[in-house]
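Single-letter residue listing:
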There are 2 protein chains.
Amino acid sequence: MTRECNNSMLRRASRMLGQVYDDALAPSGLRATQFGLLAQIDIMREPALRELAAEIVMDLSALSHTLKPLIRDGYVALVPDKNDRRVKRVTLTKAGRKKLEQTSKLWADAQRRFEKTFGDKRAADLRAVLEELSSEDFRRAFTGSP
Amino acid sequence: MTRECNNSMLRRASRMLGQVYDDALAPSGLRATQFGLLAQIDIMREPALRELAAEIVMDLSALSHTLKPLIRDGYVALVPDKNDRRVKRVTLTKAGRKKLEQTSKLWADAQRRFEKTFGDKRAADLRAVLEELSSEDFRRAFTGSP
DNA sequence: CTTCATTGCTGGCATATGCCAGTAATATTA
DNA sequence: TAATATTACTGGCATATGCCAGCAATGAAG
């Protein structure tokens, strides 16, 4: 892999981690991305689609598509906002909360294995770096926009 | 974003970097992933599909699918191996080499901006970490397989 | 209040990625 | 050598992700 390309390297590592986390969560029937989504929705408490998309740095339309399987399976629901009829808020259903709760054990185990393999501090440092790269500040600095 | 999840954080950063690199390469008509593929094929010199997939940590089938647009657009071709008729080797066409060459300028500029924003040494360190996470050694250590 | 711009979301299309079930070719073994 | 196992790839289906073109609701101007 063109080892100098920051983007290619990041994607490649993403595929690797996606594969091993997917395997770890497989017994739950959830993909790692889906688990991440449920967890994020749980944390944000009925975010608007727009807000959730911004938080996870995902295109709004892509988010809608990604939510579809979770809605179909009854883990997530979209509820219209009371004050602004354009807005849809994302919520976990009871089944969704239960699924999240159950799957958390598998996820925690994957985390443990990651940190045992890679090191607790290195993992925390890596997450901090990734947080930085995911910020709008970074995007602005990179693109050189105001 | 569930800031403790290594996988979610990695994916999120991947989306961000994908977006900004895609923008940077947009004038070429190539996506950042496609550019990375062309560059990797160029480096590996007629790899078998299987070898290329392993190198970039991508499912063989996924790689075949991802190559389709590049084949359709005439940048890449699959040639059967002489000694083993199961094997298909991946090559750049003349147009593919030219496209790679041209797009390299845009890519180099994106790299420059990344490193200016993030720091040369930090970028190199990050790539080293990502290389480690992409290794089969890491996968084995994580999964606890022999 | 009417017009126009902005905002939030949906749908369609395209690429990216993975799993699984074949299929063909090669390698291994009885 | 014939039967079997393994390997390399293809195709179908599903999710993940992004862009663009609407469309409806809200906000800003006049």
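Small disclaimer: the values here were computed from a predicted structure and weren't measured. (Residues numbered from 1 in each chain as written. Chains lettered and ligands numbered in written order. Predicted model: local features only at pLDDT ≥ 70, side-chain atom pairs only at ≥ 80, totals over all residues. Heavy atoms only, no water.)

*Asks:* In this structure, what is going on with the overall build of chain A? I would like to understand it.
*Replies:* Secondary structure summary: chain A contains seven helices and two strands in total. In terms of principal-axis extent, the alpha carbons of chain A reach across some 50 × 45 × 25 Å. Buried residues in chain A amount to 45% of all 146 residues. Looking at chain A alone, contacts between residues at least 24 apart form 46% of all its contacts between residues at least 6 apart. Of the roughly 7,600 Å² of accessible surface on chain A, 51% is carried by carbon and sulfur atoms. One finds the centroid of the 27 positive side-chain charges in chain A at a distance of 5 Å from the centroid of its 20 negative side-chain charges. (Helix = DSSP H or I, 4+ residues; strand = E, 2+ residues; numbered from the N terminus. Buried < 20%, exposed > 50% of the residue type's maximum accessible area, 1.4 Å probe, protein only. Contact = heavy atoms within 4.5 Å. Areas by Shrake-Rupley, 256 points an atom, 1.4 Å probe, with all protein chains shown as cover. Lys, Arg positive; Asp, Glu negative; His and termini not counted. Charge placed at Lys NZ, Arg CZ, Asp CG, Glu CD.)

*Asks:* I would appreciate a short explanation of the protein's contact with DNA strand C in the present structure.
*Replies:* Near DNA strand C, the surroundings consist of 26 residues, among which Gln19, Ser61 and Lys88 of chain A together with Thr33 and Ser61 of chain B are the closest. Those atoms of DNA strand C that come within 4 Å of the protein belong to sugar or phosphate at a rate of 71%. Interatomic distance of 2.8 Å between a backbone N/O atom of arginine 50 of chain A and a phosphate oxygen of DNA strand C. At 2.6 Å, a side-chain N or O of serine 61 of chain A approaches a base oxygen of DNA strand C. Among the secondary structure elements, those contributing two or more residues to the surface near DNA strand C are α1 (6–25), α3 (49–55) and α4 (60–72) of chain A together with α2 (32–44) and α4 (60–72) of chain B. Ranked by residues supplied to the surface near DNA strand C, first place goes to α4 of chain B with six residues. In terms of residue class, the surface near DNA strand C is made up of six nonpolar, nine polar and 11 charged. (Near = heavy atom within 4 Å. Polar contact = N/O pair within 3.5 Å; in protein donor to acceptor, adjacent residues only side chain to side chain. Nonpolar A, V, L, I, M, F, W, Y, C, P; charged D, E, K, R; others polar.)

*Asks:* Could you clarify how one ought to interpret the environment of tyrosine 75 of chain A in this entry?
*Replies:* Residues and elements named next belong to chain A. Position of tyrosine 75 among the secondary structure elements: in the loop between α4 and β1 (76–80). Given the relative accessible area of 17%, tyrosine 75 is considered buried. Placed 68 residues apart in sequence, tyrosine 75 and threonine 143 show a C-alpha to C-alpha distance of 37 Å.

*Asks:* Mind showing me how you'd approach unusual backbone geometry here?
*Replies:* What is expected of a backbone is that most residues other than glycine have negative phi and most peptide bonds are trans. Residue and element names in this part refer to chain B. In the Ramachandran plot, arginine 45 falls in the positive-phi region, its phi being about 60° despite a non-glycine side chain. Assignment of secondary structure puts arginine 45 in the loop between α2 and α3 (49–55). Residue classification places arginine 45 among the exposed residues on the basis of a relative accessible area of 66%.

*Asks:* I keep staring at the protein's contact with DNA strand D and nothing clicks. Help me out?
*Replies:* Around DNA strand D there are 26 residues in total, and Thr33 and Ser61 of chain A together with Gln19, Ser61 and Lys88 of chain B lie nearest to it. Take the atoms of DNA strand D that sit within 4 Å of the protein: sugar and phosphate atoms are 71% of them. Within the side chain of lysine 88 of chain B, a nitrogen or oxygen atom sits 2.2 Å from a phosphate oxygen of DNA strand D. Of all elements in the fold, only α2 (32–44) and α4 of chain A together with α1 (6–25), α3 and α4 of chain B reach the threshold of two or more residues within the surface near DNA strand D. Tallying contributions element by element places α4 of chain A first for the surface near DNA strand D, with six residues. Its residues assigned to classes, the surface near DNA strand D comprises six nonpolar, nine polar and 11 charged.

*Asks:* Just to check I follow, could you spell out helix α6 (residues 120–133) of chain B for this structure?
*Replies:* Because an α-helix completes one turn every 3.6 residues, residues spaced three or four positions apart along the sequence face the same direction. Between its first and last C-alpha atoms α6 of chain B spans 20 Å; for 14 residues at 1.5 Å apiece the expected length is 20 Å, and the two agree. Burial in α6 of chain B covers these residues: Ala123, Leu126, Arg127, Val129, Leu130 and Leu133 of chain B. Projected down its long axis, α6 of chain B carries its buried residues within an arc of 160°, all on one side. Away from its buried face by more than 90 degrees, α6 of chain B exposes Asp120 and Lys121 of chain B. Looking at the buried positions of α6 of chain B, the neighbouring elements they touch are α1, α5 (94–118) and α6 (120–133) of chain A together with α1, α5 (94–118) and α7 (136–143) of chain B. (Expected span 1.5 Å × (residues − 1). Arc of directions from axis to C-beta.)

*Asks:* Explain the relation of the copies chain A and chain B here, please?
*Replies:* Between the two copies of this chain, the relationship is a rotation about some axis together with a displacement along it. Each copy superposes on the other: chain A lies on chain B with an RMSD of 0.0 Å after a rotation of 180° and an axial shift of 0.0 Å. Taken together, these values place the two copies in the relation of a two-fold axis. Looking at chain A, 100% of its interface residues are interface residues in chain B too, so the copies touch through the same face. (Least-squares fit on C-alpha atoms with pLDDT ≥ 70 in both.)

*Asks:* I tried to follow the environment of serine 8 of chain B on my own but got confused; where do I start?
*Replies:* Looking at the secondary structure, you find serine 8 of chain B in helix α1. Judged by relative accessible area, which is 5%, serine 8 of chain B ranks as buried. Once residues within four sequence positions are removed from consideration, serine 8 of chain B is found in contact with Gly36 of chain A together with Met1 and Thr2 of chain B.

*Asks:* Explain the nonpolar core here, please?
*Replies:* In globular proteins that are soluble, nonpolar side chains generally tend to be buried together. Counting 86 residues, the largest nonpolar core has Tyr21 and Phe114 of chain A together with Tyr21 and Phe114 of chain B as its most contacted members. Residues contacting tyrosine 21 of chain A, with those up to four places away along its chain left out, are Ala32, Trp107, Ala110, Gln111 and Phe114 of chain A together with Cys5, Asn6, Asn7 and Phe142 of chain B. (Core = buried A, V, L, I, M, F, W, Y, C linked by side-chain atoms within 4.5 Å.)

*Asks:* I keep staring at the packing of α2 of chain A against α4 of chain A and nothing clicks. Help me out?
*Replies:* Relative orientation and spacing of two packed helices are given, respectively, by the angle between their axes and the distance between those axes. Residues and elements named next belong to chain A. Contact geometry for α2 and α4: axes closest at 11 Å, N-to-C directions at 100°. Our classification of the angle between α2 and α4 gives roughly perpendicular. Listed contacts from α4 to Gln34, Leu37, Leu38 and Ile41 of α2 are Leu63, Thr66, Leu67, Pro69 and Leu70. (Axes fitted to C-alpha atoms, helices over the stretch in contact; angles between N-to-C directions. Parallel < 35°, antiparallel > 145°, perpendicular 65-115°, else oblique.)

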